[in-house]
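Chain by chain, the residues:
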Amino acid sequence: MKHTVGILAYGSLIDAPDWEIEEVRVQTIKGLFTPFHVEFARSSSKRGGAPTLVPYEGGGHVRAQVLIVDTSVTDATNRLYRRESDKVGTDQHSKHSNNPGPNKVIVRSLECQFGLDVVLYTCFGATIDEPTAVILAQYAIDSVAEAKPGKDGISYLNNAMNAGIETPLSAAYAEEILRRMGTLNLADALEKVMAS
């Protein structure tokens, strides 16, 4: 019997799932919240060190979507793994590990959630110890010089907030960037950082 399968999106996956997931997506369930706590608690090397959203005990339940996919659990797991490890279009597969390191992409599953048999999500480890708005703002500003266009921390935060994602730190994090850059919105803050 075929399982109903979904992929939980609560970060950049909402706006940019990439073509491997898009080609099997058949529906999106919106207006959900993560069943676990999430915070900007990981410094992402592929985003120039920018803070990204990861499961984090000190965070909060955030707005999310489930991308329903018409494929097997195994295939969906591998597609999600490739998307999160920048290996889309390759034949790379997710490998289980009982003791993953902080930079390993781990795909986990929830059973019987949101009306589906299996819901997959990625679980990166938090790498920012005890994040604060001040620390996050510094990481985000510094990431602009290191990240590819649109992959920096200010853009990531702006996209998350535009998707309605609010963590315990997100408002203060955004305010700290605005205060430092002397701007009224994150788009202007990004432009000012890029020009400096």
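Residues numbered from 1 in each chain as written. Predicted model: local features only at pLDDT ≥ 70, side-chain atom pairs only at ≥ 80, totals over all residues. Heavy atoms only, no water.

### Some remarks on the packing of aromatic side chains
So the rule is basically this: Stacked, edge-to-face and tilted labels apply to pairs of Phe, Tyr and Trp rings (six-membered ring for Trp) whose centres lie within 6.5 Å, assigned for plane angles under 30 degrees, over 60, and everything in between, in that order. Secondary structure elements follow DSSP: runs of H or I no shorter than four residues count as helices, runs of E no shorter than two count as strands, and numbering proceeds from the N terminus. Throughout, exposure labels follow a simple rule: accessible area from a 1.4 Å probe, protein chains only, divided by the maximum for the residue type, with under 20% read as buried, over 50% as exposed, and the rest as partly exposed.
Tallying each qualifying case throughout the model produces four aromatic pairs. Centroid distance Phe40 to Tyr156: 6.2 Å. Interplanar angle 85°. Geometry classified as edge-to-face. Of this pair, Phe40 sits in strand S3 (residues 38-44) while Tyr156 sits in helix H4 (residues 153-162); the two residues are 116 residues apart in sequence, bridging distant segments of the chain. The class of Phe40 is buried, set by a relative accessible area of 0%. A residue is classified by how much of its surface remains accessible, and Tyr156, at 8% relative accessible area, is buried. Each ring, one from Phe40 and one from Tyr173, has its centre 5.3 Å from the other, and the planes form 70°; the classification is edge-to-face. With a gap of 133 residues between them, Phe40 in strand S3 and Tyr173 in helix H5 (residues 170-181) connect regions that are remote in the sequence. Each residue in the set Tyr10, Phe36 and Tyr121 is aromatic and connected to the rest through ring pairs, giving one cluster.

### Thoughts on the nonpolar core
The following threshold applies: Residues grouped as a nonpolar core are buried Ala, Val, Leu, Ile, Met, Phe, Trp, Tyr and Cys residues, joined through side-chain atoms within 4.5 Å. Every residue pair with non-hydrogen atoms within 4.5 Å of one another is taken to be in contact.
Counting 56 residues, the largest nonpolar core has Leu8, Tyr10, Phe40, Leu53, Ile154, Tyr173 and Ile177 as its most contacted members. Non-local contacts of Ile177, meaning those with residues more than four positions away in its chain, are made with Ala137, Ala140, Ile154, Leu157, Leu186 and Ala189.

### A closer look at helix H6 (residues 186-195)
What counts is decided by this rule: What the arc covers is the set of directions going from the helix axis to the C-beta atoms.
Of the residues making up H6, those classed as buried are Leu186, Ala189, Leu190 and Val193. Within H6, the buried residues cover an arc of 100° as seen down the axis, which keeps them to one side. Residues of H6 that are exposed and point over 90 degrees away from its buried face: Glu191 and Ala195. On its buried side, H6 packs onto helix H3 (133-146), H4 and H5.

### A short note on the sheet that holds strand S1 (residues 5-9)
Going by this rule: When DSSP locates at least two bridges between a pair of strands, those strands are taken to pair. The axes are straight lines fitted to the C-alpha atoms, using for helices just the contacting stretch, and the angles between their N-to-C directions are given from 0 to 180°.
In spatial order, the strands read S2-S5-S1-S7-S6; together these five strands make up an open sheet with mixed pairing. The strands lining the two open edges of the sheet, one partner per strand, are strand S2 (25-33) and strand S6 (107-113). Neighbour to neighbour, the strand axes of the sheet diverge by 30° on average, direction disregarded. By the bridge criterion, three bridges tie S1 to strand S7 (residues 116-122) in an arrangement that is parallel. Residue Gly6 lies in a different strand from S7, and its bridge partner there is Val119. In the packing of helix H2 (residues 73-84) onto the sheet, the strands contacted are S1, strand S5 (63-69), S6 and S7, and the crossing angle to S7 comes to about 20°.

### Examining the pattern of salt bridges
It is possible for side chains bearing opposite charge to pair when their charged atoms get close. What counts is decided by this rule: Definition used for salt bridges: Asp or Glu carboxyl oxygen within 4 Å of a side-chain nitrogen of Lys or Arg.
Evaluation of the coordinates by the stated rule reveals eight salt bridges. The partner of Glu20 in a salt bridge is Arg82, and the shortest N-O contact between them spans 2.6 Å. Here Arg82 lies in helix H2 and Glu20 lies in helix H1 (residues 19-22), a separation of 62 residues in the sequence. Exposure class is identical for Glu20 and Arg82. Each is buried.

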